[in-house]
Amino acid sequence: IIRSYRQGKTMPPKEPEITTGNTPTTVTQIRGSGENAMGYVIQLADGSFIIYDGGDATCSQELLDVLSSLAGHDATDNKYLVRAWVLTINDEKHYGCFKQIAEEHTDKIALQRVVTSPVGRILAIANKQTYLTQELSVDVNKFDGASICYVHTGMTLKFCNVTMEILYTHEDLYMCDPPKELFGNTSLVSRISTAQKSMLFLSDCGRFAARRMAIYYGDYLKSDICQIANHGAEDFPLFIYNIIGAKILSYPCSADFYDNHKAFADVRQAMKNNSNTEQIILSDSENVTIVLD
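All values derive from a computational prediction rather than experimental measurement.

Cut-offs and rules
- Residues numbered from 1 in each chain as written.
- Predicted model: local features only at pLDDT ≥ 70, side-chain atom pairs only at ≥ 80, totals over all residues.
- Heavy atoms only, no water.
- 1 Å grid on protein atoms, 1.4 Å probe; cavity = no way out; pocket = protein on both sides within 12 Å on 5 of 7 lines; lining within 4 Å.
- Points joined across faces, edges and corners; volume = space filled by probe spheres on them.
- Nonpolar A, V, L, I, M, F, W, Y, C, P; charged D, E, K, R; others polar.
- Salt bridge = Lys/Arg side-chain N within 4 Å of Asp/Glu carboxyl O.
- Helix = DSSP H or I, 4+ residues; strand = E, 2+ residues; numbered from the N terminus.
- Buried < 20%, exposed > 50% of the residue type's maximum accessible area, 1.4 Å probe, protein only.
- Pairing = 2+ DSSP bridges.
- Polar contact = N/O pair within 3.5 Å; in protein donor to acceptor, adjacent residues only side chain to side chain.
- Contact = heavy atoms within 4.5 Å.
- Axes fitted to C-alpha atoms, helices over the stretch in contact; angles between N-to-C directions.
- Parallel < 35°, antiparallel > 145°, perpendicular 65-115°, else oblique.
- Left-handed = near helix turned anticlockwise from the far one by under 90°.

Draft legend 1. Structural context of the layout of surface pockets. Reported here for the largest pocket is a volume of approximately 420 Å³. Together, 21 residues line the largest pocket, and D91, G184, D204, N230 and E234 are the ones closest to its centre. The residue makeup of the lining of the largest pocket, split by class, is five nonpolar, nine polar and seven charged.

Draft legend 2. Layout of the pattern of salt bridges. Tallied over the full model, the rule gives six salt bridges. Between K142 and D139 there is a salt bridge, with its nearest N and O atoms 3.0 Å apart. We note a salt bridge from D235 to R207, for which the minimum N-O separation is 2.2 Å. Highlighted residues: D235 in the loop between strand 12 (225-227) and helix 6 (238-244) and R207 in helix 5 (residues 207-217), separated in sequence by 28 residues. Ionic contacts of the salt-bridge type, sharing partners, join the residues E17, D46 and R83 into one network.

Draft legend 3. How the structure looks around the pairing of strand 10 (residues 189-193). In terms of burial, strand 10 is a largely internal element, five of the five residues being buried. Of the two faces of strand 10, the one holding V189, R191 and S193 and the one holding S190 and I192 are both buried throughout. Two elements, strand 9 (residues 162-168) and strand 10, share five bridges in a ladder whose sense is antiparallel. Bridging from a neighbouring strand, M164 pairs with I192 of strand 10.

Draft legend 4. Region of interest: the side chain of D139. Along the chain, D139 falls in helix 4 (residues 131-140). Accessibility expressed as a relative area gives 5% for D139, which makes it buried. A polar contact is formed between the side chain of D139 and the side chain of K142, at a distance of 3.0 Å. Not counting chain neighbours up to four residues away, the residues in contact with D139 comprise F98, K99, A102 and Y131.

Draft legend 5. Highlighting the packing of helix 2 (residues 92-104) against helix 4. The contact between helix 2 and helix 4 brings their axes to 10 Å, and the two run at 30 degrees. Considering the angle they form, helix 2 stands roughly parallel to helix 4. In this structure, helix 2 meets helix 4 at a crossing whose hand is left-handed. For the pair helix 2 and helix 4, contact is made by Y95, F98, K99 and A102 and by Y131, E135, L136, D139 and V140, respectively. Partitioning the contact of helix 2 with helix 4 into residue classes produces six nonpolar, no polar and three charged.

Draft legend 6. Layout of the packing of helix 1 (residues 60-71) against helix 2. Contact geometry of helix 1 with helix 2 gives a least axis separation of 9 Å together with a crossing angle of 80 degrees. Here helix 2 runs roughly perpendicular to helix 1, going by the angle between their axes. Facing helix 1, whose interface residues are S60, L63 and L64, helix 2 presents C97, Q100 and I101. Class assignment of the residues belonging to the contact of helix 1 with helix 2 gives a composition of four nonpolar, two polar and no charged.

Draft legend 7. Fine view of the side chain of N90. Relative to the elements of secondary structure, N90 occurs in the loop between strand 4 (80-87) and helix 2. Classification of N90 as buried rests on a relative accessible area of 3%.

Draft legend 8. View of the environment of S275. Tracing the backbone through its elements, the reader meets S275 in the loop between helix 8 (265-273) and strand 14 (279-281). For S275, a relative accessible area of 74% gives the class exposed. Sequence separation between S275 and A265 is ten residues; the distance between their C-alpha atoms is 18 Å.

Draft legend 9. How the structure looks around empty space enclosed by the protein. Summed over the entire model, instances satisfying the criterion amount to four cavities of 30 Å³ or more. Put simply, the largest cavity is a space of about 70 Å³. Lining the largest cavity, in full, are I228, A229, G232, E234, F236, Y241, Y251, F264, V267, R268 and M271. Tallying contributions element by element places helix 8 first for the lining of the largest cavity, with three residues. Across the lining of the largest cavity, the residue classes tally to eight nonpolar, one polar and two charged.

Remember, this is a structural readout, not a statement about activity or role.
Laid out in structure tokens, this is it:
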């Protein structure tokens with residue numbers, strides 16, 4: 001990226017405003033009421049948050065409950081500080097929670113920025129996925145002082161003690177409209193890291209995005225924790241998971257979906273039996289919080 005007409009005003013500062021704190025750095029998976037909602041809450045060392053997607057509209061109250069539990073107080077006492085809300089793909093199962101929060105609960109969240117990489121308007125209209133390109137800016141403006149940070153492959157953002165790397169965005173692959181069934185490959189892929197651990201977020205990516213990242217990065221994709229692509233039900237290939245080599249696998253799906261959904265069950269089984277795998281977390285697991293310190 002050579003030049004931005006916003007002159008970088010929507011970007012986070014090069015160095016984080018606060019770099020220390022006593023709060024454990026954790027990732028908590030949103031359980032959701034269905035099988036395919038994707039949402040994660042990262043609490044930083046200073047007690048502030050990064051949110052990934054959040055799930056669909058039915059997840060909004062659960063998200064607020066998670067924030068309250070982690071913060072140790074209700075929003076009526078003090079708003080929850082969200083330094084970045086990452087929206088990974090133009091799909092209601094991913095942005096629905098944000099939309100609902102924007103409609104009903106802006107009084108509870110102090111939002112600094114939304115991080116996203118939406119497809120172009122023509123591509124969005126062709127696939128009937130237009131929220132990120134048409135309505136998002138209206139909802140972001142409902143939060144006092146919030147802005148949209150549009151990101152591209154290769155960017156590195158810093159929030160308190162966490163570094164966020166943007167590893168893949170849709171323009172790496174598509175210059176024209178993909179078929180609707182391949183729209184998951186327009187997902188934003190990123191990795192967050194502390195000094196101790198890293199977690200890779202694949203959103204809904206499939207084999208085409210996976211191959212592109214394999215070409216770009218190779219072994220650089222290695223991460224401690226991996227959010228499994230598209231709920232573990234689509235065509236993200238096993239050989240890329242082997243490159244990633246994560247010890248903890250986080251599936252945004254229920255145990256019933258994980259056990260019984262037929263699509264790519266062989267990949268799920270292979271990952272379960274992989275020598276690298278130490279823990280599998282499902283949305284209805286007893287403990288859905290991972291410590292990153």
